[in-house]
Amino acid sequence: MTGNEMMRFKMWKPTGLALAAIVATAAVALAVPAAMAQRDPAYAAARAAGQIGEQPDGYLGFASTPTPAIRALVQDLNIKRKAAYTERAQATGSTVEQFAFTSGCNLIANTKPGEKYQAPDGRWLTRDDSPPARNASCP
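About the thresholds
Residues numbered from 1 in each chain as written. Predicted model: local features only at pLDDT ≥ 70, side-chain atom pairs only at ≥ 80, totals over all residues. Heavy atoms only, no water. Helix = DSSP H or I, 4+ residues; strand = E, 2+ residues; numbered from the N terminus. Expected span 1.5 Å × (residues − 1). Buried < 20%, exposed > 50% of the residue type's maximum accessible area, 1.4 Å probe, protein only. Polar contact = N/O pair within 3.5 Å; in protein donor to acceptor, adjacent residues only side chain to side chain. Contact = heavy atoms within 4.5 Å. Core = buried A, V, L, I, M, F, W, Y, C linked by side-chain atoms within 4.5 Å. Disulfide = S-S within 2.5 Å. Axes fitted to C-alpha atoms, helices over the stretch in contact; angles between N-to-C directions. Parallel < 35°, antiparallel > 145°, perpendicular 65-115°, else oblique. Nonpolar A, V, L, I, M, F, W, Y, C, P; charged D, E, K, R; others polar. Phe/Tyr/Trp six-rings, centres within 6.5 Å; stacked < 30°, edge-to-face > 60°. Lys NZ or Arg CZ within 6 Å of the ring centre and 35° of its normal.

Draft legend 1. Molecular detail of helix H4 (residues 68-92). Between its first and last C-alpha atoms H4 spans 36 Å; for 25 residues at 1.5 Å apiece the expected length is 36 Å, and the two agree. Where H4 is concerned, the buried positions are Ile70, Leu73, Val74, Leu77, Asn78, Arg81, Ala84, Tyr85, Ala89 and Thr92. Positioned one or two residues after H4, Gly93 has a phi angle of 75°, which is positive.

Draft legend 2. Here's a closer look at the side chain of Glu54. As for its position among the elements, Glu54 is in strand E1 (residues 52-54). A polar contact is formed between the side chain of Glu54 and the side chain of Arg47, at a distance of 2.9 Å. Those residues in contact with Glu54 that sit more than four places away from it in its chain are Tyr43, Arg47, Tyr59, Leu60, Arg81, Leu107, Ile108, Thr111, Lys116, Tyr117, Gln118 and Trp124.

Draft legend 3. Broad picture of the nonpolar core. Within the largest apolar cluster, 8 residues are counted, these being Tyr43, Ala46, Ile52, Leu60, Ile70, Leu73, Val74 and Leu77. Where this core is concerned, the elements lending two or more residues are helix H3 (41-48) and H4. The dominant element in this core, judged by the number of residues it contributes, is H4, at 4 residues. Discounting chain neighbours no more than four positions away, the residues touching Val74 are Ile52, Leu60 and Phe62. Formed by 7 residues, the second largest nonpolar core is a distinct cluster that contains Tyr59, Ala89, Ala100 and Leu107.

Draft legend 4. How the structure looks around the state of the cysteines. One pass over the structure, following the stated rule, counts 1 disulfide. In this model Cys105 forms its disulfide with Cys138; the gap between the sulfur atoms is 2.0 Å. Judged by the sign of its S-S torsion, about -80°, the cystine formed by Cys105 and Cys138 is left-handed. Remark: Cys138 occurs in the segment after strand E4 (124-126) and Cys105 occurs in helix H5 (residues 96-109); sequence separation between them is 33 residues. As far as the burial class goes, Cys105 and Cys138 line up, both buried.

Draft legend 5. Fine view of the packing of H3 against H4. Relative orientation of the contacting elements H3 and H4 amounts to 105°, with a least axis distance of 10 Å. In terms of orientation, H3 and H4 fall into the roughly perpendicular class. In this structure, H3 contributes Ala42, Tyr43 and Ala46 to the contact, and H4 contributes Ile70, Leu73 and Leu77. Taken together, the residues of the contact of H3 with H4 sort by class into 6 nonpolar, no polar and no charged.

Draft legend 6. Highlighting the side chain of Arg47. Its location among the elements puts Arg47 in helix H3. We classify Arg47 as buried; its relative accessible area is 10%. Apart from residues lying up to four places away in sequence, Arg47 is in contact with Ile52, Glu54, Leu60, Thr111 and Glu115.

Draft legend 7. Layout of the packing of aromatic side chains. Within the structure shown, the criterion is met by 2 aromatic pairs. Between the aromatic rings of Tyr59 and Tyr85, the centroid separation amounts to 5.3 Å while the plane-to-plane angle is 70°, which identifies the pairing as edge-to-face. In this pair, Tyr59 is assigned in the loop between E1 and strand E2 (60-62) and Tyr85 in helix H4, connecting sequence segments 26 residues apart. According to the relative accessible area criterion, Tyr59 is buried, its value standing at 16%. When the centroid spacing of 6.0 Å and the interplanar angle of 55° are considered together, the rings of Tyr85 and Phe99 count as tilted. With Tyr85 in helix H4 and Phe99 in helix H5, the pair connects residues that are 14 residues apart, well separated along the chain. By relative accessible area, Tyr85 is classed as buried at 0%. By way of ring pairs, the aromatic residues Tyr59, Tyr85 and Phe99 are connected into one cluster. Across the ring face of Phe62, the terminal group of Arg71 is positioned such that the distance to the ring centre comes to 5.0 Å.

Here it is as structure tokens:
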């Protein structure tokens, strides 16, 4: 890649149809890993206990100090998420980071009351009945 191509690639921001494609495929890409995670009682228990939550970057994070088992669970799920993001990013012509960010926006929007999520300022919040605090760049 030339310097100009690199600059255009770094500055690319999804708009219009590209953004719609990223959002739509983010939902599909998350369906399989999310469904697999929901079958794991340890995941459900950690999420319900507020130990883990969604981060703006599209990955799970630790809202409190994790046990080794919770750390391993989250690392495994995040590896699966990255694989899904990588595959779908290639299909949409975006970067993994862009796709993961859009997915993070959707995952945070879909949290349920009582679940933890990380606000744009880095604080861990517990979702209530109001919309969650999300990055201003979220679609």
